[in-house]
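# Working through the structure, step by step
Chain by chain, the residues run as shown.
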Amino acid sequence: MKALGRKFKDFWESPGSPFDLVLVGAVFFLLLFGICVMYSSSSVTAWREFQDSEYFLKKQLAWATIGLVVFFFFANFPYKRLERFALGGMIISVLLLILVFIPGVGKSVGTYYGRNFHRWIGIGPYQLQPSEIAKLAVVVYLSSLIVKLKLKETRDPKKFILPAILLLAVLILILAEPAFGTTMEILFVVIAFVFLFGFPVRNLLLVGLVSLPLAYLLISQVGYRRKRMEVWLDPYRFRYDEGHQLVTSFRAFLDGGWFGNKLASGYAHRYLTYSHTDFVLATYVEDFGFIGFLFFFALVMILLSRVYVLLKRVQDPFGFYLGAGLLFILGTQFVINSYVVTGLFPITGISLPFMSYGGSSLLVVLAAFGILVNITRKENIGV
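Residues numbered from 1 in each chain as written. Predicted model: local features only at pLDDT ≥ 70, side-chain atom pairs only at ≥ 80, totals over all residues. Heavy atoms only, no water.

By the naming in an unreviewed UniProt entry, the protein chain goes by Probable peptidoglycan glycosyltransferase FtsW and is assigned to Leptospira haakeii. Heading Sequence similarities (unreviewed entry) of the UniProt record for the protein chain holds this comment: "Belongs to the SEDS family. FtsW subfamily." We quote the UniProt Subcellular location (unreviewed entry) comment for the protein chain here in full: "Membrane". (UniProt positions renumbered as here; feature names shortened; annotations may be inferred.)

## As for the overall build of the protein chain
The secondary structure content of the protein chain amounts to 14 helices and three strands. For the protein chain, buried positions account for 49% of its 383 residues. Contacts in the protein chain between residues far apart in sequence, at least 24 positions, make up 71% of those at least 6 positions apart. Of the roughly 19200 Å² of accessible surface on the protein chain, a fraction of 69% belongs to carbon and sulfur atoms. (Helix = DSSP H or I, 4+ residues; strand = E, 2+ residues; numbered from the N terminus. Buried < 20%, exposed > 50% of the residue type's maximum accessible area, 1.4 Å probe, protein only. Contact = heavy atoms within 4.5 Å. Areas by Shrake-Rupley, 256 points an atom, 1.4 Å probe, with all protein chains shown as cover.)

## Here we look at helix H6 (residues 161-176)
Taking 1.5 Å of rise per residue, 16 residues should cover 22 Å, and H6 covers 22 Å from first to last C-alpha, within 8% of that figure. Taken as a whole, H6 has its buried residues at Pro-163, Leu-166, Leu-167, Val-170, Leu-171, Leu-173 and Ile-174. Mapping the buried residues of H6 onto a view down its axis gives an arc of 165°, with all of them on the same face. (Expected span 1.5 Å × (residues − 1). Arc of directions from axis to C-beta.)

## A closer look at the packing of helix H2 (residues 21-50) against helix H12 (residues 280-311)
Put simply, H2 and H12 touch, their axes get as near as 11 Å, and they point 165° apart. Taken together, the axes of H2 and H12 are roughly antiparallel relative to one another. When you trace H2 past H12, the crossing you get is left-handed. Two secondary-structure elements touch here, H2 through Val-22, Leu-23, Ala-26, Val-27, Phe-29, Leu-30, Phe-33, Val-37, Met-38, Ser-40 and Ser-41 and H12 through Val-280, Thr-283, Tyr-284, Asp-287, Phe-295, Phe-296, Leu-299, Leu-303, Arg-306 and Val-307. Residue composition of the contact of H2 with H12, grouped by class: 16 nonpolar, three polar and two charged. (Axes fitted to C-alpha atoms, helices over the stretch in contact; angles between N-to-C directions. Parallel < 35°, antiparallel > 145°, perpendicular 65-115°, else oblique. Left-handed = near helix turned anticlockwise from the far one by under 90°. Nonpolar A, V, L, I, M, F, W, Y, C, P; charged D, E, K, R; others polar.)

## A look at the packing of helix H4 (residues 86-99) against H6
Where H4 meets H6, the axes come as close as 10 Å, and the angle between the chain directions of the two elements is 30°. Between H4 and H6, the angle is such that the two are roughly parallel. Both H4 and H6 take part in a crossing whose hand is left-handed. Seen from H4, the contacting residues are Leu-87, Met-90, Ile-91, Val-94, Leu-97 and Ile-98; seen from H6, they are Leu-162, Leu-166, Leu-167, Ala-169, Val-170, Leu-173 and Ile-174. Grouping the constituent residues of the contact of H4 with H6 by class yields 13 nonpolar, no polar and no charged.

## Let's talk about the nonpolar core
Counting 94 residues, the largest nonpolar core has Leu-82, Val-170, Phe-296, Leu-322, Phe-354 and Phe-369 as the members making the most contacts within it. Per element, the largest residue contribution to this core is 14 residues, and it comes from H12. With sequence-adjacent residues up to four places away left out, Phe-354 is seen in contact with Val-27, Leu-30, Leu-31, Gly-34, Ile-35, Leu-303, Phe-334, Leu-362, Val-365, Leu-366 and Phe-369. (Core = buried A, V, L, I, M, F, W, Y, C linked by side-chain atoms within 4.5 Å.)

## So, the packing of aromatic side chains
For the coordinates displayed, the defined rule picks out 24 aromatic pairs. A centroid spacing of 5.7 Å and a plane angle of 85° characterise the contact between Phe-28 and Phe-71, whose relative ring orientation is edge-to-face. Placement of the pair is Phe-28 in helix H2 and Phe-71 in helix H3 (residues 55-76), with a sequence separation of 43 residues. Where Phe-29 meets Phe-33, the ring centres are 6.0 Å apart and the plane angle is 10°; that geometry is what we call stacked. Of the two residues, Phe-29 and Phe-33 both sit in helix H2, four residues apart, roughly one turn of that helix. With a relative accessible area of 40%, Phe-29 lands in the partly exposed category. On the basis of relative accessibility, which here comes to 15%, the residue Phe-33 falls in the buried class. Within the aromatic cluster, the residues linked to one another by ring pairs are Phe-29, Phe-33, Tyr-284, Phe-288, Phe-295, Phe-296 and Phe-334. Seen from the ring of Tyr-267, Arg-251 lies directly overhead, with NZ or CZ sitting 3.9 Å from the centre. (Phe/Tyr/Trp six-rings, centres within 6.5 Å; stacked < 30°, edge-to-face > 60°. Lys NZ or Arg CZ within 6 Å of the ring centre and 35° of its normal.)

## Notes on H2
The largest bend in H2 comes to about 45°, at Ser-42. Looking one or two residues beyond H2, the residue adopting positive phi is Gln-51, at roughly 55°. (Bend = angle between axes of the 7 residues up to and from the residue.)

## Points about the environment of Val-231
Position of Val-231 among the secondary structure elements: in helix H9 (residues 223-233). Of the residues examined, Val-231 reaches a relative accessible area of 4% and is grouped as buried. Other than its neighbours up to four places away in sequence, Val-231 contacts Phe-238, Glu-242, Gly-243 and Leu-246.

## Topic: the side chain of Thr-45
Within the fold, Thr-45 resides in helix H2. Look past the residues within four positions of Thr-45 in its chain and what remains in contact with it is Phe-56, His-269, Ser-275 and His-276.

## Examining the side chain of Ser-43
Structurally, the position occupied by Ser-43 is in helix H2. According to the relative accessible area criterion, Ser-43 is buried, its value standing at 13%. Not counting chain neighbours up to four residues away, the residues in contact with Ser-43 comprise Ser-53 and Ala-264.

## Quick word on the pattern of salt bridges
The final tally for this structure, using the stated rule, is six salt bridges. One salt bridge connects Arg-251 with Asp-255, and the closest N-O pair in it is separated by 3.2 Å. One end of the pair, Arg-251, and the other, Asp-255, are both in helix H10 (residues 244-256), four residues apart, so they sit about a helical turn from each other. With relative accessibility at 40%, the residue Arg-251 sits in the partly exposed group. Put simply, Glu-379 and Arg-377 hold a salt bridge, and the shortest N to O gap is 3.0 Å. (Salt bridge = Lys/Arg side-chain N within 4 Å of Asp/Glu carboxyl O.)

Below you can see the structure in the form of structure tokens.
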């Protein structure tokens, strides 16, 4: 048993050549698996709205094809060159985030409570979500910045003005869309980089405590956010309006039982809003049950833990920080979406990587894993 354990440890901690086959295999399997799950989740809605049960599947397959090109590009593109484009990427992200507010270019969606969401740029029949691209740009930019700080290339406070302006611009523009969940996601990444830089945990906790009043104001003074908090705390009180989404998600988990039901036949497939986007996990569990949920959870843990094990041995500082940032933002996305669907976190618009319908999210996820595959190549891993 000990010999078998040592063999498994050697296999698990050693990258493939030239790419890590476990990591690449997990990405491809989750991509195919996620498209199948999204199809089951979206077929009823697609038929009801477009009289074509494969409507969303066709569009997701188109995005997946482009995403695979992006994946292979970043898997082979020398990742160290991304450091040169860090500043330019941030500037482009800010410009794209501004475009969503320009009539005729940006695409907005109205809600039943009168709020308009400005999150997309129209590109023919498709839509691009700049906030997803901004997440990737922020990680590359912060990785570049932290390497310069570690090398003590700059200690002049004036040189922090531009980074602060760019980060604030990204956060404010995303918050104005509004996309509070994505804003929080980027804030968590910034905090993670501050921690990686060596900032004391005690001081980070103090900053968090000081920020609580601001967070309270951002929630309590904005009607739809305050309403979401009320719904989160007592969804059954609002089960016939704002709480319908969360209550239906709970029912999907209950109806799924241990082994699930016939595909696309459950209550949530017919009545759950955004069943193929932010709440795709609920309809997945309705189809495959708790056993299916454990299977998906195991796949995600294998993928993320594999990246973590390999990143610990990356020798290049920029590669390590870039990989750590991507791992954190992807892991955060998995956790927040799962918490939202299960009622452990207030409802917010965070997609589930690989499974949720949405081209921008899928492109960025595949780009991120392409970079991670590149960083964890055998030649970049220390002994």
